[in-house]
Amino acid sequence: MNVRILALVAALLPAVGFAQNEPHTWTVRLIPTAGETAARVVMGEASELVVEVTNTSTSTNDARLSEVSFVLPTGYQLLGGLPAEENPNWKIEYIDSTQRRITFQSTLGCIDEGRGLARTQSARFVLSVVAPAGTSDVTTERFATGTSGRDQCDGTNYGITVGNMTPWTRSTLSANVTLSPRLLAVNGTTVARVVVENRGTASASVLLDNPATTSSVPLTTVSKSPTGNATVAVRSAGIFVANLRPTAAGAVAARVRARTSNNAVNAPLADSPVADVGNLVAAADMDIVDAFAGDQVALRLTVLNTSTTNTYTQVRPRAPVLLGRATASLVAGPSPESVAQLAPGASAQFTWRYQVSGTPGARYQFQAQVDGTLNGSAVAGDVVTARKGRIVEHRVRLSQETMSTAATGVTVAYTVQNRGTLPIYEVKLFRPAVNYFSVAASGPQAFGDWNVTTDTAGFLWESETGIPVGGEATFRITYSGFTAVTADTAFRHRLELNQGWNDPRIYVEGTMTLLSVAASPDVGRLTGVARDGSVTLTWDNPFNHGGTLVLRAEGTSPPNPAPTSGVRYAVGDVLGNATVAYVDEFSSASSMTDTAVTNGTTYTYRVFNVDDQLRYGPGNQPTSQGLLATPRARVAGNPLWCYSVGLDTTLQPVTELGVGIFSSFNDSVVATRTNTTNPSEDGAERFRPVKMAGKIATRFPVVPLLGRPGQQWIVVGDQTGVPAVLNAATGEFLWRNTTLGLGNISSFPVTQLLDYANPEYRTTYSNVDLAIFATRNTSAQNQVVALNAATGALIWRYRPGDLGMVSGGMMVDYTTNRLYVPTRSGTSAATLRVLNSLTGAEVARLSLGDLEFSVVRNATTNQILITANDGRVHGVSPATYEIVWTVQVADATQRTFTHFVRPQGRGFVVSRTNDTVEHYSVDAANTTNVPAWKWKTPIMNPSGLFTLNVNGVPRVYVGSADGKVHQLELENNGTDTGQVTVGPAQLIGVPTIDHTVGRLHVGTADGRICAFPVPF
């Protein structure tokens, strides 16, 4: 604000020193902050005094208190002031920094009704001041002589006795507190980390009182460190830690008091950011708290499900509520609008962007809240509040907002930005905590016409030209090193700006966080879809998330090196062999589409999470080798799309005709969409990969369930022995059974569904579908269990004590209600068990050698085909359980088959370890009814097979270790009539075909699932 000349000030000043018995009087009361008994300011820091003025006049005339003037005590600096938000109809009439005087006037004027204060009315004002330093607290600070009030309209003066004013306290200590984590369950533990700075002139022996709660949520102090006193020297900082346990749900902040052991000095109470305690909890954060008018700020709401059992659905944020006198216009958000589900332990982030404006000093703050659904009932989270922001005319930005304490010789740049009405001619940087920031001998750097001098308090730059209005200048200082911290700790860096001798000084500050660890957590569930001219990456942001950086390298070598924490990068920057393809900050974005790619070129991506301290994650998702993607044009021979997960995906995909496919990798179930009309959405995820407790070692059935029309369900088990059923549309678990103690599930689960069952089944189970699982344990007893497919409840268990490992898929014969279970040899010679699928009772057992492949049924002959490791294929009668025929495909001394045989006509097609695919059939000339050899085709390490008949032409599709899928003509001696290349030479999985849209889907060893039109 422009300062009026002293002559004008003198002309306007009223007389002072009226007796207290005058009829026109007023009082001044200092308003303490929450929890305090007296108002406090800190020596050497920009502090706020909240002053309440009351018209205590006994006169009944029309005079009103419409002008008040405050004079600070000697030694104070006056920075500025504002009328409080609850009484906006006041303005600053003038400021005289040399006389330490600020005057407020009513804005309603003399002809407006309601100007100023009538009798008994009150108004509040906020003064920004800097108190002088001293050795200990001073508790008797009052406004000085010259403090006065009057009615500027009729000239009536209001008397006040300066010595009777409410005093405030001038403190030597300052405290700031952080809380981590801010989202936690009831009886969880959070850590209040308090930085206490000594602004006095002598060392202080400091301790931390047990933090108090700011709400109805009790906070129990579990432990503190240090447990006693710590010496904090002048211009130094002490770090105090309190481990807290909230014992009830709700929003709460920790209120802390640091003081000297003799109680002579008390730092002002400091409140932590708001934490939320309970099951569905949230925290609100804002990226910019010192905005120029017209700036955009981002608001982020982080939501966490702390429950270990509950899954919340339809999680959606409410529209944020703006607090303060500034205005905020919504630019974008929320992003995303909602989250379909929040599983136990999962988190989500929602962001908004607002454009803020207002007069300098106007504050902006947002309240936010989240809603969800739990078991069909609406659930509302607590209201949480982000930190306060303010419209400013000046601010500083640090080149490094975070710093590894292992760093040495770092030059930090402080960029001061001026949007005020006058140039800035002096910039003083107060030394940050000297016991944590060591200044190098070279110290601050002069530049241009800016000269620099140093004293014990800080570094002063002076210039004749200064920082012009609308301009900025960068001031640099080199730090030789940084003291280690046990946890991330934020330290304030304060600057004083000077526009002229008679003008109020301006205080600005930034924060630098010293890091205790070098990396933030990684993103989760990174996947990609390569299409024509683009690669879309999708990931999950971890709980500790501030933004994302994506590196892209050409070829199969992963991007190297990783980004450096504390350094900001821009799209196009080059790091080693890679280029920055994407970067954001303070964002909830969890996907990006890279169009700066060339069709036919293979790229490797690494995605780095970055937290609010600008600390990068390792970038090792799904592995340190990154994620491969090769965009290709949609032309003959090329895939329509390839979905990348970075880990082996050679298990055969499962098709939902015309809708999409399902598959798995490692411990996760994945699903992609089939979209034949919109190429940009073709191959997109149906839901995020769903993690099981352990590795998924087999494909799985996708089936309808009783009483759930129009829905499909995934029946899956993992190698930790946990069976489950998932919703095929959303990925949400219908149930998981962790109580059965099964061990390793590695074989294809099977189902028996009431809607397709015979009368015997319907008599036994009138309203139950069965999901059947078998185990592959090396030491424990193996077993087969049938569960209620809708609930996971145990129906029956087969555990005879001599059951071998079940590796291959079982088969249910709906006609006879029989379950065929192939097992490995070693435990018993009877390696094929036939069970009653309704009861689990054993019906028959056959000794067929080592069986590790799935049992299948030939629909043409109604025979059960058994693929044995000794080179034989058996046809078994489902009526008598006897062997009808046996084909010796190869010598029993070698491993013969790569996969189970696939029925074809009255015979079968089989993939062999001798790099061939062979066809055996019973034709008209074959009177033995035993399948005979017809042809073989060389295929390198062939996968399992899939057949397709188009217009009466049957074909066989097989993956090969040459990186291709081959198309063989079944009735033309297996002629290889076409191939498509999935990737470089590697194992290719078993293909599957969606005949309704003419697409083949297949997975690879390098972690891709691709879609191709068929026939080739």
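Residues numbered from 1 in each chain as written. Predicted model: local features only at pLDDT ≥ 70, side-chain atom pairs only at ≥ 80, totals over all residues. Heavy atoms only, no water.

So, the state of the cysteines
Argument step 1. Enumeration according to the criterion identifies two disulfides in this entry.
Argument step 2. Two residues, Cys110 and Cys153, share a disulfide whose sulfurs are 2.1 Å apart. Residues Cys110 and Cys153 are joined through a disulfide that is left-handed, its torsion about the S-S bond being -95°. Of the two residues, Cys110 sits in the loop between β7 (101-106) and β8 (122-130) while Cys153 sits in the loop between β10 (148-150) and β11 (157-158), which places them 43 residues apart along the sequence.
Argument step 3. With a relative accessible area of 46%, Cys110 lands in the partly exposed category.
Argument step 4. What makes Cys153 partly exposed here is its relative accessible area of 25%.
Argument step 5. Here Cys642 engages in a disulfide with Cys1010; their sulfurs sit 2.0 Å apart. (Disulfide = S-S within 2.5 Å. Helix = DSSP H or I, 4+ residues; strand = E, 2+ residues; numbered from the N terminus. Buried < 20%, exposed > 50% of the residue type's maximum accessible area, 1.4 Å probe, protein only.)

Section: the sheet that holds strand β48 (residues 506-515)
Argument step 1. If you walk across this open sheet you meet the six strands as β40-β48-β47-β42-β45-β44, and the pairing is mixed. A strand with exactly one partner marks an edge of an open sheet, and here the two such strands are β40 (402-404) and β44 (451-454). Looking at each pair of strands side by side, their axes are set apart by 25° on average, direction ignored.
Argument step 2. Note: strand β42 (residues 424-430) against strand β47 (residues 489-498), four bridges, orientation antiparallel. Following the sheet pairing, Lys428 is matched in β47 by Glu496. (Pairing = 2+ DSSP bridges. Axes fitted to C-alpha atoms, helices over the stretch in contact; angles between N-to-C directions.)

A short note on the sheet that holds strand β65 (residues 733-736)
Argument step 1. Pairing in this open sheet of four strands is antiparallel, and the strands run β62-β63-β64-β65 from one edge to the other. With one partner strand each, in any of the chains shown, β62 (702-703) and β65 form the two edges of the open sheet.

Focus: the pairing of strand β57 (residues 641-644)
Argument step 1. Across the two faces of β57 the burial is the same, with Trp641 and Tyr643 and Cys642 and Ser644 all buried.
Argument step 2. As paired elements, strand β49 (residues 524-531) and β57 share three bridges and run antiparallel to each other. Each residue of the ladder has a partner; that of Val529, found in β57, is Tyr643.
Argument step 3. With four bridges connecting them, β57 and strand β88 (residues 1008-1013) associate as antiparallel partners. Directly across from Tyr643, in β88, lies its bridge partner Ile1009.

Quick look at the environment of Glu969
Argument step 1. When you line up the elements, Glu969 lands in strand β84 (residues 964-969).
Argument step 2. For Glu969, a relative accessible area of 10% puts it in the buried group.
Argument step 3. Spatially, the C-alpha atoms of Glu969 and Arg955 are 4.8 Å apart, while their sequence positions differ by 14 residues.
Argument step 4. When neighbours within four sequence positions are excluded, Glu969 is seen to be in contact with Trp935, Val953, Pro954, Arg955, Gly974, Thr975 and Thr977. (Contact = heavy atoms within 4.5 Å.)

Quick word on the packing of aromatic side chains
Argument step 1. For the structure on display, the rule yields 25 aromatic pairs.
Argument step 2. Plain terms: the ring middles of Tyr761 and Tyr765 are 5.3 Å apart, the flat faces sit at 55° to each other, and that makes the pair tilted.
Argument step 3. Ring geometry for Phe908 and Tyr920: centres 5.1 Å apart, planes at 15°, overall stacked. Note that Phe908 is positioned in strand β79 (residues 907-912) and Tyr920 in strand β80 (residues 916-921), a separation of 12 residues in sequence. Each member of the pair, Phe908 as well as Tyr920, is classed as buried.
Argument step 4. Here the aromatic residues Trp26, Phe70, Tyr76, Trp90, Phe104, Phe125, Phe143 and Trp168 are joined through ring pairs into a cluster of three or more.
Argument step 5. The cationic tip of Arg494 hangs over the ring face of Phe430; the distance from NZ or CZ to the ring centre is 4.7 Å.
Argument step 6. Positioned over the ring face of Phe733 is Arg736, at 4.1 Å from the centre of the ring. (Phe/Tyr/Trp six-rings, centres within 6.5 Å; stacked < 30°, edge-to-face > 60°. Lys NZ or Arg CZ within 6 Å of the ring centre and 35° of its normal.)

Remarks on the nonpolar core
Argument step 1. Grouped together as the largest cluster of nonpolar side chains are 34 residues, with contacts concentrated most on Tyr414, Val416, Val427, Tyr436, Phe491 and Leu495.
Argument step 2. Listing elements by their share of this core, those giving two or more residues are β20 (237-246), β39 (394-398), β41 (408-418), β42, β45 (458-467), β46 (472-482), β47 and β48.
Argument step 3. In terms of residue count, β46 provides more of this core than any other element does, five residues in total.
Argument step 4. Non-local contacts of Tyr414, meaning those with residues more than four positions away in its chain, are made with Val396, Arg397, Leu398, Leu429, Ala473, Thr474, Phe475, Ile477, Tyr479, His493 and Leu495.
Argument step 5. Of all hydrophobic cores here, the second largest spans 31 residues; its members include Val68, Phe125, Leu127 and Met165. (Core = buried A, V, L, I, M, F, W, Y, C linked by side-chain atoms within 4.5 Å.)

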